[in-house]
Amino acid sequence: MSTTPSFSLPEIHDNEDGAWGPSSSHLPPQFKDIPYAPYSKSDKLGRFADWNDAEGAARAAAPSATGTTRGGSRYGRGREQAAFGSGTASAFAYFHVEDEASFSLVDNKAAPPRRGSATGFNRGRGGARGTTANVRGGQRGGRAGYPQRGGNVGGGARGGRRGWRDWEKNSRVRDPSVAIDPNWKMLEEIDFLRLSKLRLEVDEPEDVDSYGRLFAWDKTYDRVSTKAEKSLQTVDRLRYNPTTSDDPVIQQLARKNTAQIYATDAILSLLMCAPRSVYPWDIVIIREGDKVYLDKRDGGPFDFITVNENAGDPPIDDKDSINSAGQLSLEATYVNQNFMFQTVKEDQPFDFDKSNPFYSPDEVEPLASCGYRYRVYDLGVTEDEDIKLAVRTEVDAIMPGSTKDFVTIRTLNEFDPRAPGAGGAPDWRTKLDSQRGAVVATEMKNNSCKLAKWTVQSILAGAETMKIGYVSRANPKDKWRHVILTTVTLRPTDFAAQLNVSLPNGWGIVRTVTDLCMKQPDGKYVLVKDPNRPVVRLYSVPMTAFTGEDEIDEEEVLEGDDLDGGM
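1. Thoughts on the overall build of the chain
Here is step 1: Summing up its helical and strand segments, the chain has 13 helices and 15 strands in all.
Here is step 2: Counting over 567 residues, the chain shows a buried share of 41%.
Here is step 3: Within the chain, residue pairs in contact and separated by at least 24 positions form 73% of the contacts whose partners lie at least 6 positions apart.

Below, the structure is given as structure tokens:
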């Protein structure tokens, strides 16, 4: 005798918040720690695992510029506004970055020549089939390959086809900023995608102490233009930038238990802008008791300025070229320092409460204009959590007649707009006055990480003004002589919004890294940016590491001789 199967209706819990999705208070135990990704109600959920390329599917769904009609998309109607959740990144997406990074081309044979004209002009009505011309409106009967509004076409007589052999540009392999010892123990690996999702709101800092002397900004440099340029001079001044643990003021603050984390603005800004970085870098971390010190190595990446780090085709790595990455980094550092020293009036000093803590009376050379402001930030998530960070920030000048309007001074340098690695930058001498917006937009694209770090440093220091000088070579073939073409004045908070710099995201990265170090026992650690992948790794290293600075020859890292020796 057969029995009828029974079915009991499970208890259904409504969402108390009235929102779409499951209730967070009545989740089954097996689903507690699984993130919930919002999705569009119009999505077809036909499978529970899709290993296809999510980015490729998104590109295929996007309206293509080729073959479009006057109606918008090539299906006749424009796309409606996406529903809620349809563009949300899936928490379960599969990323195969490592597989793509390991790809290398084996067959280097030249491709067979294409049939037809090399310039992209074809005979006949409408051109050959499969033409990739970007023609607005998808005209019929026009001359195929003729460049119209909307972009470049076919082969093009100037510069060849865009995107041709672009895979060769990204195939270069960079060396790490510090040699990884096989005996080091890797504790954590974090990709930039995870870092970019962190967030922590931080209140205004507390000023602890101020040291040094500032000079007033010379307003004559605000009137410099391409038609009235000024030569960049070599000025000998002393400027100190010691690492965190060697700072006597920070040592004094640590003895008073002012904070649990100690850093400088240069180290902190790089950590906060880490997802934008492309070149390798490393931060030495020392854990002593309940304190964490973020340090830099002498001669490491913190002592030099990068050039076109974020360009699609960055500078080459040829040691014999004056336009190599290492030589341009040395040149940019030299230009930045001399521009700082030259653009201030030393007859209008402004003294902080205390004198420069690093200057010795035995020094012969005069001090440069520099002020050190020690500030404390509260990184606690709750009111009961006491986690504070003490940072040494630097300001470079002060506005004339003011006692609070501090200034940070930086430079962007042009080497040769026609050289490899220029990143498509226009000629500054012809475009700065007429098309300054195009020049600024190109620099924001090619130097996104560098500009973001400078902006974060200015905000950390409490500077109200940021001066950026545009400095170019007097002759593209001579890296020793430079001219100042113009100077722009920016508000750091406004410029951060233009660069899309998120300070809460930066503070979230700092808090995450320090929490990882707080969980480790006392010792020395190093946070290393992978030279070829968007990943940072935390290693445990011996206490004797980085004391002799003989792990990597500095000349190999810089790819050239010391710039000061050639002056």
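2. Description of the nonpolar core
General note: in soluble globular proteins, nonpolar side chains tend to be found buried as a group.
Here is step 1: In this structure, Leu268, Ile283, Ile285, Leu379, Trp507 and Leu527 are the most contacted members of the largest nonpolar core, which totals 62 residues.
Here is step 2: Setting aside chain neighbours within four positions, we find Ile283 in contact with Ile267, Leu271, Leu294, Asp295, Phe302, Tyr525, Val526 and Leu527.

3. Overview of the pairing of strand S9 (residues 388-395)
Here is step 1: Most of S9 is tucked away, with 7 of its 8 residues classed as buried.
Here is step 2: With 4 bridges connecting them, strand S4 (residues 261-264) and S9 associate as parallel partners. Counterpart to Tyr262 in the pairing with S9 is Ala390.
Here is step 3: As paired strands, strand S8 (residues 370-378) and S9 are joined by 8 bridges and run antiparallel to one another. The partner of Arg373 across the bridge, within S9, is Thr393.

4. Let's talk about a negative patch on the surface
Here is step 1: A surface patch of like charges, here negative, comprises Asp175, Asp317, Asp318 and Asp320.
Here is step 2: Looking at the secondary structure, you find Asp318 in the loop between strand S6 (291-295) and helix H6 (325-342).

5. Regarding the side chain of Ser324
Here is step 1: Take Ser324: it is sitting in the loop between S6 and H6.
Here is step 2: Assessed through its relative accessible area of 0%, Ser324 is described here as buried.
Here is step 3: One polar contact links the side chain of Ser324 to the main-chain carbonyl oxygen of Asp318, over a distance of 3.3 Å.

6. Focus: the packing of aromatic side chains
Centre distance and the angle of the planes are the two values used to describe a pair of aromatic rings.
Here is step 1: On inspection of all chains with the given rule, the structure shows 11 aromatic pairs.
Here is step 2: In this structure an aromatic cluster arises from ring pairing among Trp184, Tyr539 and Phe546.
Here is step 3: One residue, Lys230, lies across the ring of Tyr221, its end atom 4.4 Å from the ring centre.

7. Points about helix H10 (residues 492-499)
Here is step 1: Inspection of H10 places Pro492, Phe495, Ala496 and Leu499 among the buried residues, and these make up the whole buried set. The buried residues of H10 occupy an angular sector of 105° when projected down its axis, which confines them to one face. Facing away from the buried side of H10 by over 90 degrees, the exposed positions are Thr493, Ala497 and Gln498.
Here is step 2: Where H10 is buried, its residues meet helix H8 (436-446), helix H9 (448-461), strand S12 (465-475) and strand S13 (478-490).
Here is step 3: One or two residues past the end of H10 sits Asn500, with phi positive at roughly 60°.

8. Some thoughts on the environment of Leu516
Here is step 1: Following the sequence through the fold, Leu516 ends up in helix H11 (residues 503-518).
Here is step 2: The class of Leu516 is buried, set by a relative accessible area of 18%.
Here is step 3: Along the chain, Leu516 and Leu538 lie 22 residues apart, while their C-alpha atoms are 8.8 Å from each other.
Here is step 4: Each residue touching Leu516, except ones within four places of it in the same chain, is listed here: Glu188, Ile190 and Leu538.

9. Details of the packing of helix H5 (residues 265-272) against H11
Here is step 1: Orientation of H5 relative to H11, taken along the N-to-C sense of each, is 105°, at an axis distance of 8 Å. With respect to their mutual orientation, H5 and H11 come out roughly perpendicular. Taken together, the residues of H11 that come into contact with H5 (itself represented by Leu268, Leu271 and Met272) are Leu503, Gly506, Trp507, Ile509, Val510 and Val513.
Here is step 2: Along the lines of polarity and charge, the residues of the contact of H5 with H11 split into 8 nonpolar, 1 polar and no charged.

10. Side note on the pattern of salt bridges
Here is step 1: Using the criterion set out here, one finds 23 salt bridges in the structure.
Here is step 2: Across the salt bridge formed by Arg239 and Glu394, the nearest N and O atoms sit 3.0 Å from each other. With Arg239 in the loop between strand S3 (230-231) and helix H4 (248-255) and Glu394 in strand S9, the pair connects residues that are 155 residues apart, well separated along the chain.
Here is step 3: Given the relative accessible area of 27%, Arg239 is considered partly exposed.
Here is step 4: Taken together, the salt bridges that share partners define one network made up of Arg239, Asp247, Arg392, Glu394, Asp396 and Arg410.

11. With respect to unusual backbone geometry
Here is step 1: Even without glycine at this site, Asn500 takes up a positive phi of about 60°.
Here is step 2: Tracing the chain through its elements places Asn500 in the loop between H10 and H11.
Here is step 3: In this structure, Phe546 takes a positive phi of about 65° despite not being glycine.
Here is step 4: Structurally, the position occupied by Phe546 is in the loop between strand S15 (535-541) and helix H12 (554-558).
Here is step 5: Residue Phe546 is classed as buried on the basis of its relative accessible area of 9%.

12. Quick notes on the state of the cysteines
Here is step 1: Scanning the model with the defined rule gives 0 disulfides in all.
Here is step 2: The closest cysteine sulfur to the non-disulfide-bonded Cys273 is located on Cys449, 6.2 Å from its own sulfur.
Here is step 3: A relative accessible area of 0% places Cys449 in the buried class.

Rules used in this analysis
- The numbers attached to residues start from 1 for each chain and follow its sequence in the written order.
- Given that the model is predicted, a residue must reach a pLDDT of at least 70 before its local features are reported, and side-chain atom pairs must reach 80 or more before they are shown or counted; all residues, however, enter totals for whole chains, interfaces and linings.
- For the side-chain quantities, the full set of heavy atoms in the structure was used; hydrogens and water were omitted.
- Numbering of helices and strands starts at the N terminus; helices are DSSP runs of H or I of at least 4 residues and strands are runs of E of at least 2.
- Only protein chains enter the calculation, and the probe is 1.4 Å; a residue is then buried if its accessible area is under 20% of its type maximum, exposed if over 50%, and partly exposed in between.
- The criterion used for residue contact is that any of the two residues' heavy atoms lie within 4.5 Å.
- In plain words, nonpolar cores are sets of buried Ala, Val, Leu, Ile, Met, Phe, Trp, Tyr and Cys residues tied together by side-chain atoms within 4.5 Å.
- In this scheme, strands are said to pair when DSSP sees at least two bridges between them.
- Within the patch definition used here, like charges are joined within 9 Å and nonpolar side chains (Val, Leu, Ile, Met, Phe, Trp, Tyr) within 5 Å, considering only residues with over 30% relative accessible area and no salt bridge.
- Note on areas: Shrake-Rupley, 1.4 Å probe, and residue coverage restricted to the protein chains presented here.
- Whenever a carboxyl oxygen of Asp or Glu lies within 4 Å of a side-chain nitrogen of Lys or Arg, that contact is scored as a salt bridge.
- Asp and Glu count as negative and Lys and Arg as positive, but His and the ends of the chain are not part of the count.
- By convention, charge coordinates are those of NZ in Lys, CZ in Arg, CG in Asp, or CD in Glu.
- Pairing of N or O atoms within 3.5 Å defines a polar contact, subject to two protein rules: one partner must be a possible hydrogen donor and the other a possible acceptor, and residues neighboring in sequence count only if both atoms are side-chain atoms.
- For Phe, Tyr and Trp, where Trp contributes only its six-membered ring, two rings pair if their centres lie within 6.5 Å, and the inter-plane angle classes them as stacked under 30 degrees, edge-to-face over 60, or tilted in between.
- Counted as over-ring charges are cases with an Arg CZ or a Lys NZ within 6 Å of the ring centre that also lie within 35 degrees of the ring normal.
- In this description, one arc is meant: the one made by directions from the helix axis to the C-beta atoms.
- In this analysis, axes come from line fits to C-alpha atoms, helices being fitted only over the stretch in contact, and the angle between any two N-to-C directions falls in the range 0 to 180 degrees.
- Geometric relationships in this document are graded by angle, where less than 35 degrees denotes roughly parallel, more than 145 denotes roughly antiparallel, 65 to 115 denotes roughly perpendicular, and other angles denote oblique.
- Each residue gets one of three labels, nonpolar for Ala, Val, Leu, Ile, Met, Phe, Trp, Tyr, Cys and Pro, charged for Asp, Glu, Lys and Arg, and polar for the others, Gly among them.
- Here, the term disulfide refers to a pair of cysteine sulfur atoms separated by no more than 2.5 Å.

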